[in-house]
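Residues per chain are reported as follows:
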Amino acid sequence: MQAYDEYMKGIVVPMRKELTESGFTELTTAEDVNEHMSTAQGVSLVIINSICGCAAGLARPAVREAVELAEHKPDHLVTVFAGQDKEATAQMRQYFEEVPPSSPSIAVVKDGQLAHFIPREEIEGFEMEQVRDAVKQAIEEAAR
């Protein structure tokens, strides 16, 4: 099992970097998630990252572009990685109990409260620009 875990970690490194190199902070433990969610003021853009193709082709590029294009930038950019940082992902999902678990997914949180949620069903099968525009609109609405 250790060889498999190491193999998977090697595969996801570029998927993590795609967000961290764009300014996202990885929350890798339940404690990281709780600290962020209990102290972050303003607007947080949260992406529940995933190894699936719709994360690579749609979700990650969409959030990166949405942040670039948004008139009002989120105060915080954070990510958890579903299937990799399991405790962190489970803890983040506790803050969104009103929506079913979904990965990838994108959440806009304002002052610790969920303002908007984009589940996988609103990512997969859409054009990247459609997802980007939905994220940008959610950011803008939360910033008001």
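Our structure is the block above this text.
**Q** I'd like a rundown of the overall build of the protein, residues and numbers included.
**A** From N to C terminus, the protein includes five helices and five strands. Along the chain direction, N to C, the helices and strands of the protein fall in the order α-β-α-β-α-β-α-β-β-α. The C-alpha radius of gyration computed for the protein amounts to 14 Å, which stays within 12% of the reference 15 Å derived for 144 residues, consistent with globular compactness. For the protein, the spread of C-alpha atoms along the three principal axes comes to 50 × 35 × 30 Å. When burial is assessed residue by residue, the protein has 44% of its 144 residues classed as buried. Long-range pairs, those at least 24 residues apart, make up 72% of the contacts in the protein between residues at least 6 apart in sequence. Accessible area of the protein: about 7,400 Å², with a carbon and sulfur share of 48%. Here the protein contributes 13 positive and 25 negative side-chain charges, whose respective centroids are spaced 3 Å apart.

**Q** Give me the nonpolar core: which residues, what numbers.
**A** General note: in soluble globular proteins, nonpolar side chains tend to be found buried as a group. Counting 26 residues, the largest nonpolar core has Leu45, Val63, Ile106 and Val135 as the members making the most contacts within it. Elements with a contribution of two residues or more to this core: β2 (43–49), α3 (53–69), β4 (105–110) and α5 (128–143). Of the residues forming this core, the biggest block, eight residues, is contributed by α3. Beyond its immediate sequence surroundings of up to four residues, Val63 is in contact with Leu19, Phe24, Leu45, Ile47, Ile106 and Val135. Grouped together as the second largest cluster of nonpolar side chains are 14 residues, Val46, Ala82, Met92 and Phe117 included.

Cut-offs used in this document
- Residues numbered from 1 in each chain as written.
- Predicted model: local features only at pLDDT ≥ 70, side-chain atom pairs only at ≥ 80, totals over all residues.
- Heavy atoms only, no water.
- Helix = DSSP H or I, 4+ residues; strand = E, 2+ residues; numbered from the N terminus.
- Rg over C-alpha atoms; globule rule 2.2 N^0.38 Å.
- Buried < 20%, exposed > 50% of the residue type's maximum accessible area, 1.4 Å probe, protein only.
- Contact = heavy atoms within 4.5 Å.
- Areas by Shrake-Rupley, 256 points an atom, 1.4 Å probe, with all protein chains shown as cover.
- Lys, Arg positive; Asp, Glu negative; His and termini not counted.
- Charge placed at Lys NZ, Arg CZ, Asp CG, Glu CD.
- Core = buried A, V, L, I, M, F, W, Y, C linked by side-chain atoms within 4.5 Å.

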